[in-house]
Amino acid sequence: MDSVNNGFGSARMAGSMEGATGSMEGGTLPPGLTEEEADELRVELSKVEDEIQTLRQVLAAKERHAGDIKRQLGISPLNEIKQNISKGWQDVQSSNAYLTASATLDDISRSDAYKKTQETLSQAGQVTSAAFSSMGAAISQRIGTMRLGYSVHHSLSMPSMRSSPSFRSFEERVGSLRK
């Protein structure tokens, strides 16, 4: 990697060393570290930082090149996202955690307790649906009797509705709730 750094960052190395020396202005070195060892570490740090910078530049150039190739192949960013999601889902489905959870859910769905609970909830749903249906029919019937025998003008007037037995019954129940 040293051959890659030839000519790169020599000014940066000097700057890094100044920065590193500047941080040690108090003149105190970590225990057990001589000035000579500290200088060697600063030089090594500078080289490593230069290598990192070079690698970032190379990586950016390779990413641009890969993007150009993808455009030439007609691979859009949306297609890439779809492929990544599909691949991710396949990875999830083949993972041990997913397979274990799936097997556990299969075992649960085959159990007697699950089947009994499912049947009970199904029956409860049917009974509830029937109750709401009959309640709706009863309300419709009551509203129909309130309007029966009245003209459109009279059915819209409040005094005639208040005199109906259904309205008085409703008013009594609401009144008892307020108290």
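The structure this text deals with has already been given above.
Keep in mind that this is a model prediction, so the values were computed, not measured.

Looking at this model, I keep getting lost on the overall build of the protein chain. Mind explaining?
Scanning the protein chain for helices and strands turns up 9 helices and 0 strands. Starting at the N terminus and walking to the C terminus, you meet the elements of the protein chain as α-α-α-α-α-α-α-α-α. Within the protein chain, the proportion of its 179 residues that are buried is 8%. Put simply, of all contacts in the protein chain between residues at least 6 apart along the chain, 47% involve residues at least 24 apart. Per element, the accessible surface of the protein chain, about 14600 Å² overall, is 60% carbon and sulfur.

How should I be thinking about the packing of aromatic side chains in this particular structure?
For any pair of aromatic rings, the description consists of the separation of the ring centres together with the inter-plane angle of the planes. Inspection of every chain in the model, using the stated rule, returns 1 aromatic pair. Centre to centre, the rings of Trp-89 and Tyr-98 are 6.0 Å apart; their planes meet at 75°, and the pair counts as edge-to-face. For Trp-89, a relative accessible area of 46% translates into the label partly exposed.

What should I look at first to understand the pattern of salt bridges in this one?
Opposite charge on two side chains permits pairing when their charged atoms draw close. Under the defined criterion, the tally for this structure stands at 6 salt bridges. In this structure, Arg-42 engages Asp-39 in a salt bridge whose closest nitrogen and oxygen atoms are separated by 2.5 Å. Taken together, the residues span about one helical turn, with Arg-42 and Asp-39 both in helix 3 (residues 35-73) at a distance of 3 residues. In this structure, Asp-107 engages Arg-110 in a salt bridge whose closest nitrogen and oxygen atoms are separated by 3.9 Å. A residue pair is termed a helical-turn pair when its members lie 3 or 4 positions apart in one helix, as Asp-107 and Arg-110 do in helix 5 (residues 96-110) at 3 residues. With respect to class, Asp-107 is no different from Arg-110; both count as exposed. Look at the salt bridges and you will find they share partners, linking Glu-35, Asp-39 and Arg-42 into a network.

Explain a nonpolar patch on the surface to me, please; I cannot follow it from the model alone.
Among the surface-exposed residues, Trp-89, Val-92, Tyr-98 and Leu-99 lie close enough to one another that they form a single nonpolar patch of about 370 Å² accessible area. Listed by contribution, the elements that provide at least two residues to the nonpolar patch are helix 4 (77-93) and helix 5. Here Leu-99 is to be found in helix 5. Residue class for Leu-99 comes out partly exposed when judged on its relative accessible area of 45%.

It is not clear to me how a negative patch on the surface should be interpreted in this structure. Could you clarify?
Side chains of Glu-36, Glu-37, Glu-40 and Glu-44 sit close together on the surface and give a patch of like negative charge. Assignment of secondary structure puts Glu-44 in helix 3. You can call Glu-44 partly exposed: its relative accessible area is 48%.

About the thresholds
Position numbers for residues start from 1 in each chain and track the written sequence from start to end. Residues qualify for local features only when their pLDDT is at least 70, as the model is predicted, and side-chain atom pairs are given and counted only at 80 or more; totals for whole chains, interfaces and linings, by contrast, use all residues. Hydrogens are left out, water is left out, and the side-chain values use all remaining heavy atoms of the structure. Secondary structure elements follow DSSP: runs of H or I no shorter than four residues count as helices, runs of E no shorter than two count as strands, and numbering proceeds from the N terminus. Only protein chains enter the accessibility calculation, which uses a 1.4 Å probe; a residue whose area is less than 20% of its type maximum is buried, one above 50% is exposed, and one in between is partly exposed. Any two residues having at least one pair of non-hydrogen atoms within 4.5 Å are treated as being in contact. Residue burial considers only the protein chains on display, and all accessible areas are found by Shrake-Rupley using a 1.4 Å probe. Stacked, tilted and edge-to-face pairs are distinguished by plane angle, under 30 degrees for stacked and over 60 for edge-to-face with tilted covering the rest, among Phe, Tyr and Trp rings (Trp via its six-membered ring) whose centres lie within 6.5 Å. The working definition used for a salt bridge is a side-chain nitrogen of Lys or Arg within 4 Å of a carboxyl oxygen of Asp or Glu. Nonpolar side chains (Val, Leu, Ile, Met, Phe, Trp, Tyr) within 5 Å and like charges within 9 Å form the patches, drawn only from residues with over 30% relative accessible area and no salt bridge. Note on charges: Lys and Arg go in the positive column, Asp and Glu in the negative column, and His and the chain ends are not counted at all. All charge positions are set by atom: Lys at NZ, Arg at CZ, Asp at CG, Glu at CD.

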